[in-house]
Amino acid sequence: MDAAGETPVGALPGEGNPEMDLSHRFSKTELTLLYEEVLYTIRHRLGKPEHHHVVDSQELYAYVQKAFGMDEEEHNVIMQQVKELESPIFCLKATVKEAKGILGKDVSGFSDPYCLLGIKTKSQELANLDHKKRMKAVVKDLIPEDQIHRTQVISQTLSPVWDETFILEFEDAETASFHLDMWDSDVVESVRHKLGELTDLHGLKRIFKDARKDKGQDDFLGNVVLHLKDLHCWNDQWYQLEPRTETYPNRGQCHLQFLLTHKKRATTSSRTQPSYIVHRHLLQQLVSYEILQHQAGSIAWDGELSRHASTVLYLHATQKDLSDFHQVIVRWLAYSKLYQSLEFNSNCLLHQITSIEYQWVQERLRPEQKAEVAESFQSLLTYGVSLIRRYRIIFPLSVPRSTERLQSLLRVLVQMCKTKAFHELCTPSPNLPYMVSTALKSGTTEWFHMKKQHLKPMVKSMEENGKALSRLLLEVLGDLQQCQKIWNRFFISTLKLNLFSIAYLELERLVAEHVQEQLREVNSSMSKHTAESLFQLYMNLQELYRMKDFLPKRDGPLALNNFHQWFKEGVPQWLQKAYTIALERAQRAVQMDQLTPFGEHNKHSTSTVDLSTCYAQIVKTWQQLNWPDPEEAFMIMVKLVEDMCRIALMYCRLIKGRAEALSLHKQNEGEEANRLCIVVNNIKQLRLLILKLPSQLDWVQLEQRMGAVIDRQQIQHTLHNQLDSTISCLDHEIQEVVQALATKLEKGIARHIQELSSSDDTREPEDSIVPLMKFLESELQYLNEHLVQENFKSLLALLWHHTLAVLSAAMGQQIPSAQCYMKLRCALKSLELCFHAEGCGLPLPMLHTAVFQVQVTGDPPGPLLCHQPQTHPEILQQQDPAAAGRQLGEVWGCDHQSTVLPFGAETPCGSAQCCQPHPFGLQRLQRPLRPAHLGAPA
């Protein structure tokens, strides 16, 4: 709670706040008469204050002056008039309820008790002061006979119940005292009759005692003496019966109720109006002041009255002798009326309804009071239903505790309509669920038209209308979500009404009518901005239509059925926009791409990220469209796939052009190779994106939807063939770039093999091939780091076939010597191990081509057949790895196992060194050697 809104301890409520003029609640005359009534009540206060009430009367005067908005002069004038009025007659309303544990004075062991009661004044006490025997005198000796009241005699009991009320007048509460004596009534009976009632020895003693006393003399049972100044306005408790002597000190208890009231009040209001009406007006005035004080402090009033208001109302109700039941009725009449003009917690009303139900007795109200209560029921019901009709405005979720306030109001109305009082006084009883349902429908319609008017565009154009419709749909969607997630449970729990169903069916109909009216002017020549606004509207309508799934049940079609047909004219522009955005983004991405890896562990450049985003956006467009008509949806899918394939081919062209442009500015062969690696990796990544499209676009679901409309072969021919054609184009592009990389390496390989074949040095073969193997190791290790695995293996296949061709050509130029033959054979074996790389490179079946087999199994010396590169994946299944291994073993004079030993193992060449090039996938060099023509690694 805000500290500024709290009332300091000891301060009056409203102190420090500006004065509030509440005179509009009553006319000036009515307010003056009511103020006279409350001042008279405080001035003639009775009873000991309750612990939670205000003791100081001056403090109460100050409070009511603020509550009534009286200035000092007005207060003094009315106060003087009150002082001149005749004082009321003070009364003690005493009710003798019952007694328990009293003495049994009769022979039977019981008594026939009755009570004498009255008020002794100070003058009566002074008159008897000289007679000491009168200090313990009984009522009939202290109080004049005409002021003594007597209860009925209850025969033969020790726990009598009287429940009799007496009005005892007095003049001064400070000196007066209440006296009650309890007696056993004695009736003259014969001794024979008494002996017939005898039950024990004590009864016999009573017979002898009765014989000694005067006939017809009553026995004293005990008394209660109370000073009126010690009584509260209202008392209800058990009092001990006191003895006159110590003979029988424990004489039981008596249950008494006391109420200090007025008679013949001299105020104008008391003389001219019924007590409950005056009290209701006073309550209404004070509660209004309390509510406004809380509002001034920015806190809601919870129904708890201040100590000052409680004290004043308590004094007035007791002085006017208002019963609890009539006080409950008064509070209901005042609170239900105030609720319709001032904001406060409706739980206050719920408490009053509960009290009425608990104490309701129709016969205790006069006809005019019944009519007033019935009118209050009808008035609150009408007002409450009107609040529910406008619950979106009255109880906005942006205001704290709005849900609690609405729930409380619903509970008040439901409980009120269930009470006996409501059914007896309001006939025929209204159907609350029907009233609320009708109100919710009309309120929903009012809210929709209000929002429509508020969002109406200033400039009338199709584009602006589309934007306004989208904003209106967002408001509707937000409202329905609140209905479904928040408000609905309150209406279901209290009234068994489904608010969401009521609101959805009404809003769905209104939206459909309004959108159709606005879309009548739409045609295929609409502007780009108009199409954009309509696309947002279409998606909002989709979301609205999907919310129908939350309806418990519905009869007949919805107004939004087939709403997609309203937007057919805009679909081509929506698809064109999606394509244009993706195309432009892809073009910008390529223009900004530096063809360097964008991450430490990444082998692609930045343009692939943008390209992936472009495709994701097109896929999202398809998902957002969610076009219901299967045939039209298929045509949309064909267009989207066509666009994405066009973007893919455009990207290949642009990214290759970008690499060429960068090469023109930076003449460096090493960096050029780096860029080619990035290009081929990017195209490979694009290929993967294309292959994911069938699953991302959910072709399986589309084919199922179109099963009865379009032949499956047509789908296959149109979509899958289009995709396959694009994949083939991408494969061709990849092959071209890989071929370009391979061409750059082929010169170096050819040069080293030529040097190897033409060299006439006498070194061992394994020493002669070291330059070739270092060159390949360095280059292949670098390319393995910069190419994705599939591209790298494609490159290896090209290089392998080229290398075999070069070896064949070298051996076919002339008849080599035995030394040259051994060097070339050793080179072939080392190259096989290098390209295989312990399983990280090309598989053995791909290595063991026909040319390789001729070279291995042919009779040396002799020319090798040239062989064109085979790069298709089918080569992987052409050879049996085990058979190839056995053939190699036969050539080198060892079994197959020795040919695939780890590098460094013994080989037929006689040295481990020549056959242990470091595989590119498992390099052991700290830094790969780089030939000058390729430059440093990127």
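Refer to the preceding data block for the structure.
Every chain begins its residue count from 1, and numbering advances along the sequence as written. Given that this is a predicted model, residues contribute local features only at a pLDDT of at least 70 and side-chain atom pairs are listed and counted only at 80 or more, while totals for whole chains, interfaces and linings are drawn from all residues. Excluding hydrogens and water, the side-chain figures rest on all heavy atoms present in the structure.

J.: I'd like to hear about the overall build of the chain, residue by residue, with values.
T.: When helices and strands are tallied, the chain shows 34 helices and eight strands. A buried classification covers 50% of the 938 residues belonging to the chain. Elements are defined by DSSP. Helices are runs of H or I of four residues or more, strands are runs of E of two residues or more, and each kind is numbered from the N terminus. Each residue is placed in one exposure class: buried if its accessible area under a 1.4 Å probe, protein chains only, is under 20% of its type's maximum, exposed if it is over 50%, and partly exposed if it falls in between.

J.: Could you give an account of the pattern of salt bridges, with specific residues and numbers?
T.: Should a side-chain nitrogen of Lys or Arg be within 4 Å of a carboxyl oxygen of Asp or Glu, the pair is scored as a salt bridge. A full pass over the atoms with the stated rule returns 25 salt bridges. When the shortest N-O distance is used, the salt bridge between Lys28 and Glu74 registers 3.0 Å. Here Lys28 is found in helix 1 (residues 28-43), whereas its partner Glu74 is found in helix 3 (residues 72-84), with 46 residues between them in sequence. Take Glu74: its relative accessible area is 26%, and that puts it in the partly exposed class. With a closest N to O distance of 2.7 Å, Asp479 and Arg392 form a salt bridge. Placement of the pair is Asp479 in helix 18 (residues 462-495) and Arg392 in helix 14 (residues 391-394), with a sequence separation of 87 residues. For the pair formed by Asp479 and Arg392, the shared burial category is buried.

J.: Before we move on, can you summarise the pairing of strand 4 (residues 161-170) with the specific residues and values?
T.: Only one face of strand 4 is buried, namely the one carrying Trp162, Glu164, Phe166, Leu168 and Phe170, since none of Val161, Asp163, Thr165, Ile167 and Glu169 on the opposite face is buried. Judged from the eight bridges that link them, strand 1 (residues 89-100) and strand 4 form a sheet pairing that is antiparallel. Paired with Phe90 across the strands is Phe170, a residue of strand 4. The rule for pairing is simple: two strands pair if DSSP sees at least two bridges between them.

J.: I'd like a rundown of the sheet that holds strand 8 (residues 253-263), residues and numbers included.
T.: Across the sheet, which stays open at both edges, the four strands sit in the order 4-1-8-7 with antiparallel pairing between neighbours. Edge positions in the sheet fall to strand 4 and strand 7 (234-240), since each has one partner strand and no second. The sheet shows a mean angle of 20 degrees between the axes of neighbouring strands, taken without regard to direction. Of the pairings in the sheet, the one linking strand 1 to strand 8 comprises eleven bridges and is antiparallel in character. When the sheet's bridge partners are listed, Phe90 is paired in strand 8 with His262. Packing against the sheet, helix 10 (residues 307-319) makes contact with strand 7 and strand 8, and its axis sits at approximately 95 degrees to strand 8. Lines are fitted to the C-alpha atoms to define the axes, a helix being fitted only along its stretch in contact, and any angle between axes, read from their N-to-C directions, falls within 0 to 180 degrees. In this description, contact between two residues means that some pair of their heavy atoms is separated by no more than 4.5 Å.

J.: Tell me what's going on with helix 17 (residues 432-454), and back it up with residues and numbers.
T.: How far a helix is expected to stretch is found by multiplying one less than its residue total by 1.5 Å. A rise of 1.5 Å per residue sets the reference length of helix 17, with its 23 residues, at 33 Å; its end C-alpha atoms lie 32 Å apart and thus fit the reference within 8%. Within the sequence span of helix 17, burial applies to Leu432, Val436, Ser437, Ala439, Leu440, Gly443, Thr444, Thr445, Trp447, Phe448 and Lys451. Packed against the buried residues of helix 17 are helix 13 (367-389), helix 14, helix 15 (402-418), helix 18 and helix 19 (499-518). Pairing of N or O atoms within 3.5 Å defines a polar contact, subject to two protein rules: one partner must be a possible hydrogen donor and the other a possible acceptor, and residues neighboring in sequence count only if both atoms are side-chain atoms. Its side-chain oxygen 3.3 Å from the backbone nitrogen of Tyr434, Asn431 forms the N-cap of helix 17.

J.: So what's going on with the packing of helix 18 against helix 20 (residues 528-546)? Residues and values would help.
T.: Packed helix pairs are characterised by how far apart their axes lie and by the angle those axes make with each other. Interhelical geometry of helix 18 versus helix 20 gives an angle of 20 degrees and a closest axis separation of 8 Å. Between helix 18 and helix 20, the angle is such that the two are roughly parallel. Judged by the sense of rotation from one axis to the other, the crossing of helix 18 with helix 20 is left-handed. Facing helix 18, whose interface residues are Met462, Glu463, Gly466, Lys467, Leu469, Ser470, Leu473, Leu474, Val476, Leu477, Leu480 and Gln481, helix 20 presents His529, Thr530, Ser533, Leu534, Gln536, Leu537, Asn540, Leu541, Glu543 and Leu544. Residues are grouped as follows: nonpolar covers Ala, Val, Leu, Ile, Met, Phe, Trp, Tyr, Cys and Pro; charged covers Asp, Glu, Lys and Arg; every other residue, Gly included, is treated as polar. By residue class, the composition of the contact of helix 18 with helix 20 is eleven nonpolar, eight polar and three charged. Angle categories: roughly parallel below 35 degrees, roughly antiparallel above 145, roughly perpendicular from 65 to 115, and oblique for all the rest. Handedness of each helix crossing follows the sense of rotation of the near helix against the far helix: counterclockwise by less than a right angle gives left-handed, clockwise gives right-handed.

J.: Account for the nonpolar core, naming residues and giving values.
T.: Take the buried residues of types Ala, Val, Leu, Ile, Met, Phe, Trp, Tyr and Cys, join any two whose side-chain atoms come within 4.5 Å, and each joined set is a nonpolar core. Core analysis: the largest hydrophobic core is formed by 226 residues, its most contacted members being Phe68, Phe491 and Leu541. Considering every element that reaches this core, the biggest residue donor is helix 23 (residues 630-665), with 17 residues. When sequence neighbours within four positions are dropped, the list of residues in contact with Phe491 reads Ile388, Leu406, Leu410, Val436, Leu440, Lys496, Leu497 and Leu499. Core analysis: the next-biggest nonpolar cluster, separate from the first, contains 31 residues, Ile119, Ala176, Leu226 and Leu228 among them.

Coordinates in, geometry out; function isn't part of it.
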